Amino acid sequence: MNIFGVMDVSGSALKAERVRAEVVASNMANAETTRTPEGGPYQRHHVVFEAQGGGTFQNSMASQLSGGSSIGAGSGFKNIYTGGISGGLSNDLTAANPTPGGVEVTGVIADASKPLQRYDPAHPDAGPDGFVAYPDINPLTEMVDLMGATRAYGMNASAITAEKSIFNSSLDLLK
């Protein structure tokens, strides 16, 4: 991973968690929406995340352990210091090739659960039997999702701040 890799990973997570928070806010705002332009009640939405860099953690770990020269026979650690600092950095991690380990939003999908039926014959969207179809959205579930997105966003912002502090300390040592 290049020296800005942690920032790339945290930056991608910040973008993904922002989208997640927006979707949760939309779900909460439409919890009582009984009529949409598509017809029927609003459907709850979910965000789908996918790892960047093509591959799973296991594949990334296997490629790191098998690549390059190892420190000792059978130690399983990659020696990144052969040839000095620049020789140890991998050439395939550039601005054009994103750092593996990040996350991206691959889509927002609608929940397939059936709407809740409430008896309210005076409602304009009531059926002939007097029942109204409401979205199956639990405000408590949405609040927990929002808290999770907020905390994940905050942790990634803290990681970026910590890395900036490390860079500044490193630059101060070079003075």
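Here, every reference points to the structure presented above.
Residues numbered from 1 in each chain as written. Predicted model: local features only at pLDDT ≥ 70, side-chain atom pairs only at ≥ 80, totals over all residues. Heavy atoms only, no water.

Attention now goes to the overall build of the protein chain. Regarding its fold elements, the protein chain presents 4 helices and 4 strands. Taken from the N to the C terminus, the helices and strands of the protein chain come in the order α-β-α-α-β-β-β-α. The proportion of buried residues among the 175 residues of the protein chain is 18%. Expressed as a percentage of contacts within the protein chain between residues at least 6 apart in sequence, the contacts between residues at least 24 apart total 67%. Carbon and sulfur atoms provide 60% of the accessible area of the protein chain, an area that totals close to 11,600 Å². (Helix = DSSP H or I, 4+ residues; strand = E, 2+ residues; numbered from the N terminus. Buried < 20%, exposed > 50% of the residue type's maximum accessible area, 1.4 Å probe, protein only. Contact = heavy atoms within 4.5 Å. Areas by Shrake-Rupley, 256 points an atom, 1.4 Å probe, with all protein chains shown as cover.)

Moving on to helix 4 (residues 139–174). Residue pairs three or four apart in sequence face the same way in an α-helix, which turns once every 3.6 residues. An ideal rise of 1.5 Å per residue puts 52 Å on 36 residues; helix 4 measures up with 53 Å between its terminal C-alpha atoms. Within helix 4, the full set of buried residues consists of E142, A149, A152, N156, I160 and E163. Tucked inside the fold, the buried residues of helix 4 contact helix 1 (5–29). Its side-chain oxygen 3.0 Å from the backbone nitrogen of L140, N138 forms the N-cap of helix 4. (Expected span 1.5 Å × (residues − 1). Polar contact = N/O pair within 3.5 Å; in protein donor to acceptor, adjacent residues only side chain to side chain.)

Further remarks concern helix 1. The end-to-end C-alpha distance of helix 1, which contains 25 residues, comes to 36 Å, matching closely the 36 Å that a straight helix rising 1.5 Å per residue would cover. Within helix 1, burial applies to G5, S10, S12, A13, L14, A16, E17, V23, V24 and N27. Turning to helix 1, the residues buried within the fold contact strand 1 (45–51), strand 2 (103–110) and helix 4.

On to the pattern of salt bridges, then. For the structure on display, the rule yields 6 salt bridges. Between D125 and R35 there is a salt bridge whose closest N-O contact spans 2.4 Å. Of the two residues, D125 is situated in the loop between strand 3 (116–119) and strand 4 (131–134) and R35 in the loop between helix 1 and strand 1; the sequence distance between them amounts to 90 residues. Judged by its relative accessible area of 23%, D125 falls in the partly exposed class. A salt bridge links E142 to R44; the nearest nitrogen and oxygen atoms lie 2.3 Å apart. You can see E142 sitting in helix 4 and its partner R44 sitting in the loop between helix 1 and strand 1, a full 98 residues away along the chain. For R44, a relative accessible area of 14% translates into the label buried. The structure contains a network of salt bridges with shared partners spanning R44, E142 and D145. (Salt bridge = Lys/Arg side-chain N within 4 Å of Asp/Glu carboxyl O.)

Fair warning: the whole summary comes from geometry, so function is off the table for now.
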